[in-house]
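# Report on the structure
Spelled out, the chains give:
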Amino acid sequence: MKKLMIVSLLLAAVMLFCACHGGDDVTTTTADTAEAPSTTEPAVTEAPDDTQTTEAPDTQPGEDVTTEAPVTDLRAEFFAEHTGYWTEKNGRFITFDINEKGEYRATFAVWNAGGPFPSGNVTEVKKAGDGLYFLLITIDGMPDDPEWYGDGWDPYDVTVSIIENKTNPASIDCVAVGDSVQRTYYNHQNAANPFLDDEPEVSPLITNFVKDYAGYWTNTNGRYIHISDRDGGYVEMAVWNAGGDSGRYGKITEVRTDGKGSYLVLIAVEGRAADEMSEGWSAYDYVLQIVDLGTADPRSMSATHVDESEWTTFYHHDKAEDPFLSGEIKLPDPLGDFINEHKGYWTNKDGRFIQISDTNGGFISFAVWNSGGGFPGGPVTDIKTESDGTYVITIAIEAMEDNDESSGWAAYTYVLKFKDLNGSPRKASATHAFEDSMKEYTYHSEPGNPFLD
């Protein structure tokens, strides 16, 4: 009997313990839930054993979670466009290639020089802008070899910048490993120095330049530039009728262009021994700079010249003589053309008018109809044209002494802006000596205010 009571007491204690803690762990079925009394704590459903969970990053409250962006490997892009040989005119060259191990390799060497040269793996390529790359290269080490090249070197890292030029054939500017000067390297596929070939690969650019600009180009000072196809491209720079062999001349060795009419032409000027006519000079390189001005009759270009310190305009002609002495070239006369096209009266609705005449080669006056008194006027000293067709005309206003109708003024310069609006009747937009804002003026050939007629 005592044993039964003890067992009963133990069972009661176990049931009481379960009743006190069962709200945390009990899992119920739908049927059980329908009959169970309501509780304030929700039921917990256990996840299947094979459910994967993702741990949240270990961050403190308020901290941002950042993910580092993957680094873009530009080596494949760079080597796809630059694999091959790149040579400059003194024989230095660079190669970019991918070896049998799939390693991106760069080598910096000199044609036919012998000896070891820096070569290594390109570990990373960065792009800093349109046509600008930075190559991170680990140069291979070389052991000492006293019998061949002497001291070697340990492996080292170096960064090389590559600047693409918009030329044909393709070229890059680079300070090569082992060099201290930035040079221009031209692309080719043959394993040989293209500048030693009979027809170097840069010749198409030179050939096209010579074809487009062959002939004589002379400025108003009598200096000329003669471009010919001699030796594949040849330039002579001299002065007409100067006497003696004073000109400078030489072969074109390189041409660079932006494709828009601007050229840099490298000329290997030949040396000359001193004689009775000249002190002579050593051979040297000269860079002829040219900007095509796009005119048609005659063609013109702004260019440098060995005998002048400033740019001047050169005009194209075919005959070997000064075209300004023979009358072959007659320059445009912008002032004469302006006066001939616009002489007469131009009046606005306020009664102000501008009179343009061919007196003294070009004379412009400013006045107001029926107002009396003296009015400013003077000869034209300069005329220019802006891109929108507006004329900018400088006028030397003549002095006027005091008189009964005017207090007079000292001589001064006035700049007239005048734009022909064409149409019918003819109109122009212009400033006035009495008003610098642009106003509309109507053309008429007879004196008098047309707005009072």
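Burial within strand S19 (residues 363-368) is extensive, with five of its six residues counted as buried. The pairing of strand S18 (residues 352-357) with S19 spans six bridges and is classified as antiparallel. Bridged to Ile356 within S19 is Ile364. Relative to strand S20 (residues 377-385), S19 is paired through three bridges, and the arrangement is antiparallel. Bridging from a neighbouring strand, Ile364 pairs with Gly378 of S20.

What follows concerns the side chain of Glu254. Its place among the elements puts Glu254 in strand S12 (residues 248-257). Those residues in contact with Glu254 that lie beyond four places of it in its chain are Lys89, Thr184, Tyr186, Ile206, Leu264, Val265 and Leu266.

Below, the discussion takes up the confidence of the model for the protein chain. Per-residue pLDDT for the protein chain averages 82, and the proportion of residues at 70 or more is 82%. Predicted confidence for residues 1-57 stays below pLDDT 50, and this span has seven contacts to residues more than four positions away or in other chains. Here residues 198-202 is modelled with pLDDT under 50, and outside its nearest four sequence neighbours on either side it reaches 11 contacts, counting other chains as well.

Next up on the list: the sheet that holds S12. The strand order around the closed barrel built from eight strands is S9-S10-S11-S12-S13-S14-S15-S16, with neighbouring strands paired in antiparallel fashion. If you compare each strand with its neighbour and ignore which way they point, the axes differ by 35° on average. Bridge analysis of strand S14 (residues 284-292) against strand S15 (residues 300-305) gives three bridges, and the strand direction is antiparallel. If you follow Val291 over to S15, its bridge partner there is Ser302.

Pairing between the strands of a sheet is mediated by backbone hydrogen bonds and can be parallel or antiparallel. Judged by pairing direction, the barrel is antiparallel, and its eight strands sit side by side in the order S17-S18-S19-S20-S21-S22-S23-S24 before closing back on the first. Across the sheet, the mean angle separating the axes of adjacent strands is 35° when strand polarity is ignored. With four bridges connecting them, strand S17 (residues 344-347) and S18 associate as antiparallel partners. Bridging across to S18, Gly344 finds its partner in Ile356.

Attention shifts here to the nonpolar core. Residues Phe209 and Ile225 are the most contacted members of the largest nonpolar core, which totals 23 residues. The set of elements that each furnish at least two residues to this core consists of helix H4 (203-213), strand S10 (223-228), strand S11 (234-239), S12, strand S13 (262-269), S14 and S15. No other element matches the five residues that H4 contributes to this core. What Ile225 contacts, discounting residues up to four positions off in sequence, is Gly215, Tyr216, Trp217, Val235, Glu236, Met237, Leu288, Met301, Ala303, Thr304, His305 and Phe314. Core analysis: the next-biggest nonpolar cluster, separate from the first, contains 22 residues, Phe79, Trp86, Leu135 and Ile162 among them.

Under the defined criterion, the tally for this structure stands at 26 aromatic pairs. With a centroid separation of 5.2 Å and an interplanar angle of 55°, the aromatic rings of Phe209 and Tyr263 are classed as tilted. Residue Phe209 is found in helix H4, and its partner Tyr263 is found in strand S13; the two are separated by 54 residues along the sequence. By relative accessible area, which is 1% here, Phe209 ends up buried. Of the residues examined, Tyr263 reaches a relative accessible area of 13% and is grouped as buried. Their ring planes at 45° and their centres at 5.8 Å tell us that Tyr345 and Trp369 sit as a pair that is tilted. Placement of the pair is Tyr345 in strand S17 and Trp369 in the loop between S19 and S20, with a sequence separation of 24 residues.

Here we come to helix H6 (residues 334-342). Along H6, the residues that are buried comprise Leu335, Gly336, Phe338, Ile339 and His342. The buried residues of H6 all sit within an arc of 165° when viewed along its axis, so they share a single face. Positive backbone phi, at 135°, marks Gly344, one or two positions downstream of H6.

Here the focus is the pattern of salt bridges. A full pass over the atoms with the stated rule returns 18 salt bridges. For Arg183, the salt bridge is made with Asp179, and the minimal N-O distance between the two is 2.6 Å. One network of salt bridges, with partners in common, ties together Glu88, Arg92, Asp179 and Arg183.

Mapped onto the elements of the fold, Pro376 is located in the loop between S19 and S20. Assessed through its relative accessible area of 3%, Pro376 is described here as buried. For Pro376 and Met400, which are 24 residues apart along the polypeptide, the C-alpha to C-alpha distance reads 7.9 Å. Once residues within four sequence positions are removed from consideration, Pro376 is found in contact with Ser365, Phe366, Ile397, Trp409, Tyr412, Ala433 and Phe434.

Criteria and thresholds
- Within every chain, residues take consecutive numbers counted from 1 along the sequence as written.
- Selection of residues for local features in this predicted model requires a pLDDT of at least 70, selection of side-chain atom pairs for listing and counting requires 80 or more, and totals for whole chains, interfaces and linings are taken over all residues.
- With hydrogens and water stripped out, all remaining heavy atoms of the structure feed into the side-chain values.
- We call a residue buried when its accessible area falls under 20% of the maximum for its residue type, exposed when it is over 50%, and partly exposed in between, using a 1.4 Å probe and counting protein chains only.
- Secondary structure counts use DSSP, requiring at least four H or I residues in a row for a helix and at least two E residues in a row for a strand, with both numbered from the N terminus.
- Whether two strands pair comes down to DSSP finding at least two bridges between them.
- Whether two residues are in contact is decided by their heavy atoms, any of which lying within 4.5 Å being enough.
- Within a predicted model, pLDDT stands for the predictor's per-residue confidence, ranging from 0 to 100.
- A fitted line through C-alpha atoms serves as each axis, taken over the contacting stretch for helices, and the angle formed by two N-to-C directions is quoted from 0 to 180°.
- Residues enter a nonpolar core if they are buried and are Ala, Val, Leu, Ile, Met, Phe, Trp, Tyr or Cys, with the set joined through side-chain atoms within 4.5 Å.
- Each Phe, Tyr or Trp ring, with Trp reduced to its six-membered ring, pairs with another whose centre is within 6.5 Å; inter-plane angles below 30 degrees give stacked pairs, above 60 give edge-to-face pairs, and intermediate values give tilted ones.
- An arc is given here, and it is the one of the directions from the helix axis to the C-beta atoms.
- Any Lys or Arg side-chain nitrogen found within 4 Å of a carboxyl oxygen on Asp or Glu counts as a salt bridge.

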